[in-house]
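Chain residues, written in single-letter form:
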Amino acid sequence: MMIRELPAPPTDADVDAWRAVLVAAQAADLPQLPAAPSRVEVAGRLCVAPARGRAALWAAEAGVAGLLLFTDEGNTHTAFLDVLTVRPDARRRGLGTALWQRVREELLAQGRSSVSAVVDLGGPGEAFARSLGFDNVLPMAWYVQDLAAAARRAAAEAPDGAVAPGYELRTWHGLAPDDRAESLAAAHGAMEDAPSGDMDERVPSWTAERLHAIQRLILDRGGELTTVAAVTPRGEVAAYTELVLPDPAGPRALQYDTVVVPGHRGHGLGRAVKRHMEAEAAGRYPALRQIGTTVADENTPMRAVNEALGYRRERGAAVFQLKL
């Protein structure tokens, strides 16, 4: 079997072949998802360099593997295996193992001592990861929200824009405004108290520059980003949530971080920003049907917020990690 490293950037033929593998794998492993990965999403991830490191990509006729080698301070010892999958009709013939060997060689050549991956539980991905020696270091689950039902509930429960006294809801599409970026970056730092299990990866310090770099990456890859924040009269971001559409024409969006800054908790701000986000998304994206998000099993407060908003558990997942 021939495995080759993709050029940077990959050709159109490379993108189409990569997507074909992902589409076939998802149809077999996750048939409940509303749509296959779109070409916009796949091309964006393959052709636009990541903000936090260097991507290494390998492809065979029936399999693909993608690795992110972190370059940010404190993480140059580790990496993230973004994808390693084989078309269903070509499995159990050694291709997955061969792809992993190429990944492992790169990890060792770059001096990495660990690698992590997000794996769905109960399927072929978990079995393969465990066979390689990966351990489950952070159990979590995917939760999904039906957007039409959420919009109806939001309209019945509270008027649009309802938030606790002393706060105001603000919405930003794309990059956060320059005069809010520093406060929003500081609020991102509150994610440091979110459950992280035994992961080797460390959360880098958030600055306005880093915030804009991450946001710009989403846009450069063809996606769209919306941020809803609860802001104090002094302009401090007390809570926020982010919605990402990898393909603005697609039926499923991803809820990224939802954070309430310590000192502002207990006022229902997490629920308020998420509810307002759902109303924004329903009005802005007519093709959007679902919002998906991951929550660590031990993150009881966020699970309670999601349950109150009508999210349902879709499938189990976990961060798996291997020490090299």
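As the structure is a computational prediction, the values presented were derived from the model and not from experiment.

I tried to follow the packing of aromatic side chains on my own but got confused; where do I start?
Two aromatic rings are characterised by how far apart their centres lie and by the angle between their planes. According to the stated counting rule, one finds one aromatic pair in the structure shown. On the basis of an interplanar angle of 65° and a centroid distance of 5.6 Å, the ring pair of Trp100 and Phe134 is categorised as edge-to-face. Placement of the pair is Trp100 in helix α3 (residues 95-109) and Phe134 in the loop between α4 (124-132) and β6 (135-146), with a sequence separation of 34 residues. Residue class for Trp100 comes out buried when judged on its relative accessible area of 5%. For Phe134, a relative accessible area of 4% puts it in the buried group.

I would appreciate a short explanation of the packing of helix α8 (residues 269-284) against helix α9 (residues 300-309) in the present structure.
Describing two packed helices takes the angle between their axes plus the distance from one axis to the other. Put simply, α8 and α9 touch, their axes get as near as 10 Å, and they point 45° apart. One way to sum up the angle between α8 and α9 is to call them oblique. Two packed elements cross with a definite hand, and for α8 against α9 that hand is right-handed. Of the residues in α9, those touching α8 at Gly270, Arg271, Lys274, Arg275 and Glu278 are Met302, Val305, Asn306, Ala308 and Leu309. Per-class residue counts for the contact of α8 with α9 are four nonpolar, two polar and four charged.

What is the right way to read the pattern of salt bridges from this model?
Charged atoms that come close allow side chains of opposite charge to pair. All told, the structure shown has 17 salt bridges when counted by the stated rule. Of the charged contacts, one joins Arg4 and Asp14 as a salt bridge, the two residues approaching to 2.3 Å between their closest N and O atoms. You can see Arg4 sitting in strand β1 (residues 4-5) and its partner Asp14 sitting in helix α1 (residues 12-29), a full 10 residues away along the chain. On the basis of relative accessibility, which here comes to 8%, the residue Asp14 falls in the buried class. Notably, a salt bridge pairs Glu106 with Arg54, separated by 2.7 Å at the nearest N-O pair.

Rules used throughout
- Residues numbered from 1 in each chain as written.
- Predicted model: local features only at pLDDT ≥ 70, side-chain atom pairs only at ≥ 80, totals over all residues.
- Heavy atoms only, no water.
- Phe/Tyr/Trp six-rings, centres within 6.5 Å; stacked < 30°, edge-to-face > 60°.
- Helix = DSSP H or I, 4+ residues; strand = E, 2+ residues; numbered from the N terminus.
- Buried < 20%, exposed > 50% of the residue type's maximum accessible area, 1.4 Å probe, protein only.
- Axes fitted to C-alpha atoms, helices over the stretch in contact; angles between N-to-C directions.
- Parallel < 35°, antiparallel > 145°, perpendicular 65-115°, else oblique.
- Left-handed = near helix turned anticlockwise from the far one by under 90°.
- Contact = heavy atoms within 4.5 Å.
- Nonpolar A, V, L, I, M, F, W, Y, C, P; charged D, E, K, R; others polar.
- Salt bridge = Lys/Arg side-chain N within 4 Å of Asp/Glu carboxyl O.

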